Structure formats: C-alpha cells, structure tokens
Amino acid sequence: MKKINTLNRIIDSKIVAVIRSENIKEAIRVSDACIQGGIKAIEVTYTIPNATDVIKCLKEEFADKNLLIGAGTVLDSTTARIAILAGAEYIVSPHFEKSIAKLCNLYQIPYLAGCMTIKEITTAMEYGVDIVKLFPGSAFGPSFIKAIKAPLPQANIMPTGGVNLENIREWFSNGVVAVGIGGNLASGTSEEIIKASKEFIEKIKGV
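Quick caveat: nothing in here was measured; it's all calculated off a predicted structure.

(A) Structural detail: helix 3 (residues 51-61). Every buried residue of helix 3 is listed here: A51, T52, V54, I55 and L58. The buried residues of helix 3 occupy an angular sector of 160° when projected down its axis, which confines them to one face. Check the buried side of helix 3 and you find it contacts helix 2 (24-36), strand 2 (41-45), strand 3 (68-72) and helix 4 (77-86).

(B) Structural view of the packing of helix 2 against helix 9 (residues 190-203). Put simply, helix 2 and helix 9 touch, their axes get as near as 7 Å, and they point 40° apart. Considering the angle they form, helix 2 stands oblique to helix 9. For the pair helix 2 and helix 9, the sense of crossing is right-handed. Along the contact surface, helix 2 presents R29, V30, A33, C34 and Q36, while helix 9 presents S190, I193, I194, S197 and K198. Of the residues contributing to the contact of helix 2 with helix 9, the split by class is five nonpolar, three polar and two charged.

(C) Looking closely at the pairing of strand 3. Strand 3 sits mainly inside the fold: five of its five residues count as buried. Between strand 2 and its parallel partner strand 3, the chain crosses via helix 3, and the hand of that crossover is right-handed.

(D) Main features of the sheet that holds strand 8 (residues 157-159). Strand order in this open sheet of three strands is 6-7-8, and the pairing throughout is parallel. Where the open sheet ends on each side, the last strands, each with one partner, are strand 6 (114-115) and strand 8. Sheet topology note: the strand 6/strand 7 (residues 132-134) ladder contains two bridges and is parallel. Among the inter-strand pairings, C115 is bridged to a residue of strand 7, identified as L134.

(E) Summary view of the nonpolar core. The biggest cluster of nonpolar side chains holds 61 residues, and the ones touching the most others in it are C34, I42 and I91. Those residues in contact with I91 that lie beyond four places of it in its chain are A71, V74, A80, A83, I84, I100, C104, I109, P110, Y111 and L112. Of all hydrophobic cores here, the second largest spans 12 residues; its members include I10, Y90, V92 and L112.

(F) Here's a closer look at the packing of helix 3 against helix 4. The contact between helix 3 and helix 4 brings their axes to 9 Å, and the two run at 20°. In terms of axis orientation, helix 3 runs roughly parallel to helix 4. Our pair here, helix 3 against helix 4, has a crossing hand that is right-handed. Contacts between helix 3 and helix 4 involve T52, I55, K56 and K59 on the former and, on the latter, I82, A83 and A86. Its residues assigned to classes, the contact of helix 3 with helix 4 shows four nonpolar, one polar and two charged.

(G) Main features of the pattern of salt bridges. According to the stated counting rule, one finds six salt bridges in the structure shown. Between K59 and E89 there is a salt bridge whose closest N-O contact spans 3.2 Å. Placement of K59 in helix 3 and of E89 in the loop between helix 4 and strand 4 (91-92) is noted, with a sequence separation of 30 residues between them. Taking the relative accessible area as the measure of exposure, K59 reaches 30% and is therefore partly exposed. We note a salt bridge from K205 to E202, for which the minimum N-O separation is 3.1 Å. For K205, a relative accessible area of 52% puts it in the exposed group. When salt bridges that share partners are traced, they join R9, K59 and E89 into one network.

What counts, and where the lines are drawn
- Residues numbered from 1 in each chain as written.
- Predicted model: local features only at pLDDT ≥ 70, side-chain atom pairs only at ≥ 80, totals over all residues.
- Heavy atoms only, no water.
- Buried < 20%, exposed > 50% of the residue type's maximum accessible area, 1.4 Å probe, protein only.
- Helix = DSSP H or I, 4+ residues; strand = E, 2+ residues; numbered from the N terminus.
- Arc of directions from axis to C-beta.
- Contact = heavy atoms within 4.5 Å.
- Axes fitted to C-alpha atoms, helices over the stretch in contact; angles between N-to-C directions.
- Parallel < 35°, antiparallel > 145°, perpendicular 65-115°, else oblique.
- Left-handed = near helix turned anticlockwise from the far one by under 90°.
- Nonpolar A, V, L, I, M, F, W, Y, C, P; charged D, E, K, R; others polar.
- Right-handed = clockwise from strand over helix to strand, strands pointing away.
- Pairing = 2+ DSSP bridges.
- Core = buried A, V, L, I, M, F, W, Y, C linked by side-chain atoms within 4.5 Å.
- Salt bridge = Lys/Arg side-chain N within 4 Å of Asp/Glu carboxyl O.

Remember that the coordinates give geometry; whether it matters functionally is a separate question.
So this is what it looks like as structure tokens:
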C-alpha cells in the first residue's frame, strides 16, 4: 500500500528536515544541502512563500534520488489537497485537524498531526494518524516520550523542535520512530548544513 510504504520510508529515514525559508530559491538551496548531507526526507513548510512551487521543483530536480517530499505547517484541508496535487507524499500540521485527516485518508497520504496531550494524541490516532508529531518537542524533552508510551505503547511519536546533536540519541532510546529537525539542521551556509546533516546521521547510527 502507498501509505504504508511512505510511513516505512519516514521511519527508515529517521530524520525529517523541516525547511523554513524566505523564498523559493533559499528553500531549494537548503533542501539541496540537506540532501547532499544524506537526509532522505524533506518537509517543505507552508510558511515559505509559494511553498507549492518548492514542492514541485524538488520533485522534479530530485526525482531519481529516492527522496521523500512532504508538506508542513498545513493548517487546512484545502492546502493539504493543493500540496498533494503538487507531489507531497505526506502532510504535517502543528495541530490536529479532522478535515485534513479525512482528506489524507481518502488519498492514502500519511498525516502527521501535531499534538501535545494524551487526549490530543488518542483523538488523532482514532482518525487514522499513524505517526503523531509531538510539537513543540522543546516544551517536553525526551523523557516525555516514556510518559506517553506507558499508557499508549502503540503510539508512534515524532518530536519536532528541541532535537539537537546532544539529545537525538536520547529521543530514540526513549521510543520515538523519527524526529523533525528545523533550525538545528536546516540553517546556515550550504557547507554548514551538509556538515550538520552528516553529523546528525552519524549520531543515530545503530539506534
């Protein structure tokens, strides 16, 4: 199944690079640097002007790279559908929205909804959210994962925010299936981003 294949690719990638830039050119530069550093999953956020065009460009430019392109900061089902038509293979939100969940289920696209509480997480899971985005991860820290997994061992959690080189292994040892990394990875010169990407990948080898 298409959806299961995409979910497995996210889990296998372990790291999702969250791209936030001021324009298309910068977004593509940052994405390219992450890819050169070995990152296999990119989240193009809809805070970028003309984010849909960024998704299209990345899909075309890296069609042969086995790259997974998703759309982030998706706040409504209309934006989700536009992103999917542009080629987005998964949808990420900072919150949980029922209409987005229904749309993504219809088109067999994984929906990674942002949640903070057990109630939000269970509601999202009831609507077919297979990987819950713990957001903002910086508000909780790696130890919170064990607190979630105690009553909800079946929950697949991906924290975004607060993941860095010092704590990334701790996030995984506490049970996350992947992590989303923005500023600590996808910022700086191309050389700095390539270096950071390689360092993050090296850190999680064997987890």
